Amino acid sequence: MSTGKQNYWLFKSEPYIYSIDDLKRDGKTHWEGVRNYQARNFMRDDMRKGDLILYYHSNADPPGVIGIARVAKEAYPDHLSWDNKSNYFDPKSSKENPRWVMVDVEFVEKFDRLIPLAELKRHPDLKEMMVVKPGMRLSIQPVEEKHFKIVHDLGTS
DNA sequence: GCCAACGTTGGC
DNA sequence: GCCAACGTTGGC
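Quick caveat, the model's predicted, so the values are computed rather than measured.

K.L.:
Account for the packing of aromatic side chains, with residues named and values stated.
P.N.:
Across all of its chains, the model carries five aromatic pairs by this definition. A ring pair is formed by Trp31 and Tyr55, whose centres lie 5.7 Å apart and whose planes are at 90°; its orientation type is edge-to-face. Within this pair, whereas Trp31 is found in the loop between strand 2 (28-30) and helix 3 (37-46), its partner Tyr55 is found in strand 3 (residues 52-57), the two being separated by 24 residues in sequence. For Trp31, a relative accessible area of 9% corresponds to the buried category. Aromatic ring contacts, followed pair by pair, group Phe11, Trp31 and Tyr55 into a single cluster. Between Lys73 and the ring centre of Tyr76, over which it is positioned, the NZ or CZ distance is 4.1 Å.

Okay, structure coming up:
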């Protein structure tokens, strides 16, 4: 899957924990605390610097895509996983043998409006997009280029 | 706040 | 290696 060409992603974040406005303020952040193997493998194996990200607000009212971010640094060990004072501590991870990784993400743009999940579900050309599938909980998802472009257009037109 | 869907853990 | 119990996610 990692072909060297640009890939596209969707990152979920709960806005009251870390919203796109937080990312805009910070400019760049560590995408910390991913503790799901599928999501980790995407970060570790397929994510490249410059990949573009649909920034998704989950557990929001309504949930949906609110902007664009970019991969600023490729996967490296998540040091919080061996920090026993962190919420993200995992006793099975160590400095010698890290189990989890994170990437750095930078702000690109905030949409003029949030594109609600319901609107994505309704869109005839987004039926195959992962995020609209029932029961899809993965917090980091690959996105097809054509889907990325459609959602980007919805957010900026 | 509910709860269905899903992932992980751990006893056997 | 099965699978029940448990914890988490996240839309509603």
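There is more to say, and it comes next.
K.L.:
Before we move on, could you go through the sheet that holds strand 1 (residues 8-13) and cite the residues and values that matter?
P.N.:
An order of 2-5-4-3-1-6 is seen for the six strands of this open sheet, with the pairing classed as mixed. Each having just a single partner strand, strand 2 and strand 6 (140-143) make up the two edges of the open sheet. Recorded for the sheet is a direction-independent mean angle of 35° between the axes of neighbouring strands. Pairing between strand 1 and strand 6: four bridges, direction antiparallel. Counted as the bridge partner of Leu10 is Gln141 from strand 6. Of the strands in this sheet, strand 1, strand 4 (64-77), strand 5 (101-116) and strand 6 are in contact with helix 3, which crosses strand 5 at around 110°. Against the sheet, helix 5 (residues 145-156) engages strand 1, strand 3, strand 4, strand 5 and strand 6, with an angle of about 50° to strand 5.

Cut-offs used in this document
Residues numbered from 1 in each chain as written. Chains lettered and ligands numbered in written order. Predicted model: local features only at pLDDT ≥ 70, side-chain atom pairs only at ≥ 80, totals over all residues. Heavy atoms only, no water. Phe/Tyr/Trp six-rings, centres within 6.5 Å; stacked < 30°, edge-to-face > 60°. Helix = DSSP H or I, 4+ residues; strand = E, 2+ residues; numbered from the N terminus. Buried < 20%, exposed > 50% of the residue type's maximum accessible area, 1.4 Å probe, protein only. Lys NZ or Arg CZ within 6 Å of the ring centre and 35° of its normal. Pairing = 2+ DSSP bridges. Axes fitted to C-alpha atoms, helices over the stretch in contact; angles between N-to-C directions. Contact = heavy atoms within 4.5 Å.

Purely geometric numbers; function is a separate question.
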